[in-house]
Amino acid sequence: MWVYAIAILLLGAVTLSSESASAGMSVVDMAFAGDIQDRDPHGRLEPGGSCDAGDNAPSAIPVFDSTAAETIFFWNKVQATTPGVLRHSWYMKKENDWNEAATIDLTLGMSSGYRTWSSKKIVRALHAGEWKVEVSASDDPSQVLCTARFRVE
């Protein structure tokens with residue numbers, strides 16, 4: 001009888017651990033910036049961006065001045081109830097289609113405010129226009145936690 005109960009408990013533990021890591025992650029804060037210092041964004045793009053599942057109003061989209069800098073940083077503060085891997089997927093809009101430009105996986109520890117970021121080198125002649133970054137757990141990229149947009153000028 002005890003062996004049967006232990007087997008059920010072990011099977012239950014395996015089932016729980018195989019659930020999507022996105023259930024244990026949420027984006028608490030985000031920013032596009034020109035630099036990261038001491039794990040915090042510096043030179044935040046204006047106007048400030050936000051996580052959004054739909055389209056942001058054009059006035060709410062941050063603008064990256066590619067004549068002033070070559071690299072843009074996407075910074076997140078993430079709440080993670082379990083360790084996992086967060087994914088930043090960078091997309092550029094070309095002819096009304098979103099084309100993936102980069103995918104970066106970032107390892108997270110368990111924390112109420114884990115700070116992490118990824119960056120993209122920008123060449124104005126190639127990268128001017130609309131961009132977005134989708135945040136998801138790497139094991140379930142279809143479950144988007146945050147979509148943040150910016151524009152390169």
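Reading guide: rules and limits
Residues numbered from 1 in each chain as written. Predicted model: local features only at pLDDT ≥ 70, side-chain atom pairs only at ≥ 80, totals over all residues. Heavy atoms only, no water. pLDDT = per-residue confidence, 0-100. Contact = heavy atoms within 4.5 Å. Core = buried A, V, L, I, M, F, W, Y, C linked by side-chain atoms within 4.5 Å. Buried < 20%, exposed > 50% of the residue type's maximum accessible area, 1.4 Å probe, protein only. Helix = DSSP H or I, 4+ residues; strand = E, 2+ residues; numbered from the N terminus. Salt bridge = Lys/Arg side-chain N within 4 Å of Asp/Glu carboxyl O.

> Could you clarify how one ought to interpret the confidence of the model for the protein chain in this entry?
Detail in the predicted coordinates should be disregarded across regions flagged by low pLDDT. Of all residues in the protein chain, 80% attain a pLDDT of 70 or more, and the chain-wide mean is 83. Confidence over residues 1–20 falls short of pLDDT 50; this stretch has three contacts with residues more than four positions distant or in other chains.

> Just checking my understanding: could you explain the nonpolar core for this structure?
The tendency in soluble globular proteins is for nonpolar side chains to be buried side by side. With 23 residues, the main nonpolar core has Phe32, Ile72, Phe74 and Phe150 as its most contacted residues. At the level of secondary structure, the elements contributing two or more residues to this core comprise strand S1 (25–37), strand S4 (71–80), strand S5 (84–94), strand S8 (129–137) and strand S9 (140–152). Excluding anything up to four places from it in sequence, Phe32 contacts Gly43, Arg44, Leu45, Pro62, Ile72, Phe73, Phe74, Val133, Ala148, Arg149 and Phe150.

> Looking at this structure, I do not really get the pattern of salt bridges. What am I missing?
Where charged atoms from two side chains of opposite charge approach closely, those side chains can pair. A full pass over the atoms with the stated rule returns five salt bridges. Here Glu70 makes a salt bridge to Lys121, at a shortest N to O gap of 3.3 Å. Of the two residues, Glu70 is situated in the loop between strand S3 (63–64) and S4 and Lys121 in strand S7 (residues 111–121); the sequence distance between them amounts to 51 residues. A salt bridge links Lys132 to Glu134; its shortest N-O distance comes to 3.2 Å. In this structure Lys132 comes out as buried when scored by relative accessible area, which is 11%. Note on Glu134: relative accessible area 17%, which makes it buried.

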